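Given next are the chains, with one letter for each unit.
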Amino acid sequence: AQLDTLDIIVLAVLLLGTVAYFTKGTYWGLAKDPYATSYTAANGNKPAKTRNIVEKMEESNKNCVVFYGSQTGTAEDYASRLAKEGKSRFGLETMVADLEDYDFDNLDSLPEDKVAMFVLATYGEGEPTDNAVDFYEFITGEDVSFANSSEPALGNLKYVAFGLGNNTYEHYNSMVRNVSAALQKLGGQLIGTAGEGDDGAGTMEEDFLAWKDPMWTALAEKMGLEEREAVYEPVFGITEREGLTKDSPEVYLGEPNKMHLEGTQKGPFNAHNPYIAPIAESKEIFTVKDRNCLHLEIDISGSNLSYQTGDHIAVWPTNAGKEVDRFLNVTGLLSKRDSVIGVKALDPTAKVPFPTPTTYDAVVRYHMEICAPVSRQFIATLAAFAPNEAAKAEMTKLGSDKDYFHQKISNKYYNIAQALEEIGGGQQWTEIPFSAFIEGVNKVQPRYYSISSSSLVQKNMISVTAVVESLDVPGRTDALKGVTTNYLLALKQKQGGEPNPDPHGLTYDIMGPRNKYDGCHVPVHVRHSNFKLPSDPSKPIIMVGPGTGVAPFRGFVQERAAQAKAGENVGKTMLFFGCRKASEDFLYSSEWEEYKQALGDKFELITAFSRDGPKKVYVQHRLKEHQKEVNELLLQKAYFYVCGDAANMAREVNTMLAKIMSEERGIPETKAEEIVKSMRSANQYQEDVW
Ligand code: FAD
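Residues numbered from 1 in each chain as written. Predicted model: local features only at pLDDT ≥ 70, side-chain atom pairs only at ≥ 80, totals over all residues. Heavy atoms only, no water.

S.K.: Can you tell me about the sheet that holds strand β12 (residues 340-345), naming the residues and giving the values?
M.R.: Strands sit in the order β8-β12-β13 across an open sheet of three strands; the sheet is antiparallel. The open sheet has two edge strands with one neighbour each: β8 (236-240) and β13 (358-359). Bridge count for β8 against β12 is five bridges, and the pairing is antiparallel. Paired with glutamate 240 across the two strands is isoleucine 341, which belongs to β12. (Pairing = 2+ DSSP bridges. Helix = DSSP H or I, 4+ residues; strand = E, 2+ residues; numbered from the N terminus.)

S.K.: Outline the packing of aromatic side chains, listing residues and values.
M.R.: Scanning all chains against the criterion turns up 33 aromatic pairs. Three or more aromatic residues joined by ring pairs make a cluster, and in this case those are Phe67, Tyr102, Phe104, Phe118, Phe135 and Tyr159. Stacked on the ring of tyrosine 404, the Lys or Arg lysine 397 has its end atom at 3.8 Å from the ring centre. Just above the ring of tyrosine 685 sits the side chain of arginine 680; from NZ or CZ to the centre is 4.4 Å. (Phe/Tyr/Trp six-rings, centres within 6.5 Å; stacked < 30°, edge-to-face > 60°. Lys NZ or Arg CZ within 6 Å of the ring centre and 35° of its normal.)

S.K.: Tell me about helix α12 (residues 389-400), and name the residues and values.
M.R.: Look at α12: 17 Å from first C-alpha to last across twelve residues, which is about the 16 Å you get at 1.5 Å a residue. Contacts from the buried residues of α12 go to α11 (376-382), α13 (402-408) and α14 (416-424). Near the N-terminus of α12, the side chain that reaches the backbone nitrogen of alanine 390, with its oxygen 3.2 Å away, is that of asparagine 388. (Expected span 1.5 Å × (residues − 1). Contact = heavy atoms within 4.5 Å. Polar contact = N/O pair within 3.5 Å; in protein donor to acceptor, adjacent residues only side chain to side chain.)

S.K.: Any chance you could break down the site of the ligand for me, citing the residues and the numbers?
M.R.: Around the ligand sit 23 residues in total, of which Tyr448, Tyr449, Glu469, Thr484 and Thr485 are the nearest. Here glutamate 469 contributes a side-chain N or O atom positioned 2.5 Å from an oxygen atom of the ligand. Surface burial for the ligand is 80%, taken as the share of its 970 Å² of free accessible area covered by protein chains. Put simply, the parts of the chain that give the shell around the ligand at least two residues each are β14 (447-450), β15 (461-467) and α16 (483-495). No other element matches the four residues that β14 contributes to the shell around the ligand. Taken together, the residues of the shell around the ligand sort by class into 13 nonpolar, seven polar and three charged. (Near = heavy atom within 4 Å. Areas by Shrake-Rupley, 256 points an atom, 1.4 Å probe, with all protein chains shown as cover. Nonpolar A, V, L, I, M, F, W, Y, C, P; charged D, E, K, R; others polar.)

S.K.: An account of the domain arrangement of the protein chain is requested, with residue identities and associated values reported.
M.R.: Partitioning the protein chain into domains gives domain 1 (1-32), domain 2 (63-223), domain 3 (277-319 + 446-527), domain 4 (373-438) and domain 5 (541-689). Each of domain 2 and domain 3 has a C-alpha centre, and the two are 36 Å apart. (Domains from an automatic or database assignment.)

S.K.: Give a detailed account of unusual backbone geometry, specifying residues and quantitative values.
M.R.: A negative phi angle characterises most non-glycine residues, just as the trans form characterises most peptide bonds. Of the consecutive residues glycine 267 and proline 268, the connecting peptide bond is found in the cis state with omega at 0°. As for its placement among the helices and strands, proline 268 is situated in the loop between α8 (258-261) and β9 (275-288). Here the residue pair threonine 356 and proline 357 is connected by a cis peptide bond, since its omega of 0° sits within 30 degrees of zero. If you trace the backbone, proline 357 turns up in the loop between β12 and β13. For lysine 637, which is not glycine, the phi dihedral falls at a positive 65°.

Encoded structure:
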């Protein structure tokens, strides 16, 4: 009988496997399963490769690179959508690139017939995202210089830019603005306009869609591109691996990388390699009707992880079983959930975003952000795979009509599977290639929490204070459940001895892949922040932290109480806390008393309960009532901290502070606003907001 290709591959793999076995893995690189992407901890899924983008584009025959500076995955998602669209509509040879993976001193040798796109999120106080720091410093640096010395340096560079920002922050979209200005100063030629998306107004997605169409027109004109009918071309090849089952030791069932698969988790633990940490203690610190707040103690001893007061801990979530089932069911994959698949990038510049071989179930449960809002563009892409004509027409209409999409989909907070269920009227969507989901659904993002303990007091134990997300959505019977916080709630229930930890029927797989998270473990890593106490404890501090915004301040006050106990001279420690009712959601109400005993008059807690009286009182009102003392402390160079809600509270506190200084110092408000700005740049005013 003739051997077919699969047989040959199987034989070849067997042969190479044998070679590898007898050579003790010396030639393991050769024997590597072509459909396996083995993640190593140190570099995530990044093989050693060139940092020269011009060379990379030449060798992979690309004429368009889409760089992204991304923190939470949205900019990365937009970048990959631009790359796909450039290819399917205009036949551009596109690639997506993480800014962190390349050097930029040869950007001047990018040939004229190529184009670079920049999708750049602005993070926190106008900062670059972690992966864009080096690029940003390079390109905006005073003495930026390039390999060739032509003038102007970037005279050949054609570029396109889109920024992701939030207008509630002072430095709105400063990344894209500053980068675009720097590129133009160097002679770079902007095609179209530098787009700006506004998360603060909740219009990010629509801003992006509105920006990209005129950009494509301008780019097509500039580069002489012909638009063609968009055809879907998969980026990933999926093969079902008949020889493997979910019990085969090389199959990833949700393990984040190879070391975890082999059961030898090893540091350094970071954003590519979580530590499976034991939860030492978990409790609810308030529970009212549909709201509850968790306090967790996460044990990092022996992990080599360390933290400092004010840092963040990242929690790697698992999707709720209910949503995993919904997804697998509507896509017709339920009966194949445990089938083993290999995933291979069909384009050399694409990266498989999770380790393989794996199962459909593991991909959906651990690696895809299936609960996130579905985008209009993705709905438009999937129209071609609708199970019937009516569904196809509906998908096309949703994809092209912003208001209709809003009314039918985003108003109801549907995720992808819910949208498909609704539009398909119960029919399954079996025609959608799985690759389309890998491309179109974001990678699961770790969620950050402001650490609520002091590293001085509990070096190896990280406290987390998290409110469980549950959102009532008009027009829907079930509430929207936050992915991570409900997972943490399930863990808490398990630890509390509940036989079936199952908040709201969400059925989390809390034992983790191969039961590796048993005994109440959660995958985490630590992210260092600039939100820090003054190094001199005698300096006064003012903290404003309503709701869970109080989290880092519990750490701050815990630290100062310990310092006072140890006989150190601790400065005035003023905390403004706000919540709904003293009897309901007053976080750590009894603990503050203990700190008061240690700190005496040095500690002052000022509360604002918005629903206890006839009038709503918020932290900024209390700040105003204490304006004299606040101003005096600021004159003594007190540090001023704000933590919590970025959308409203942080801005109102900022405005109020300027007002207070204006009144107390008898200066115009504009002058006071200038002072607040300079306090921010001198780190005397620090924010930790989300
Ligand atoms: P998610 O599933 O991520 O949902 C969060 C929200 O996204 C929902 O409420 C909803 O508004 C929106 N959303 C989700 N799905 C959809 C959909 N299908 N359609 C439309 N909208 C949708 N939180 C704390 O409680 N304590 C802290 O100390 C804390 N510190 C933080 C520090 C930093 C630096 C940052 C960035 C965030 C911090 N957060 C903190 C917030 C935290 O990271 C999480 O965002 C929060 O816990 C919700 O996570 P989740 O996975 O439960 O919810």
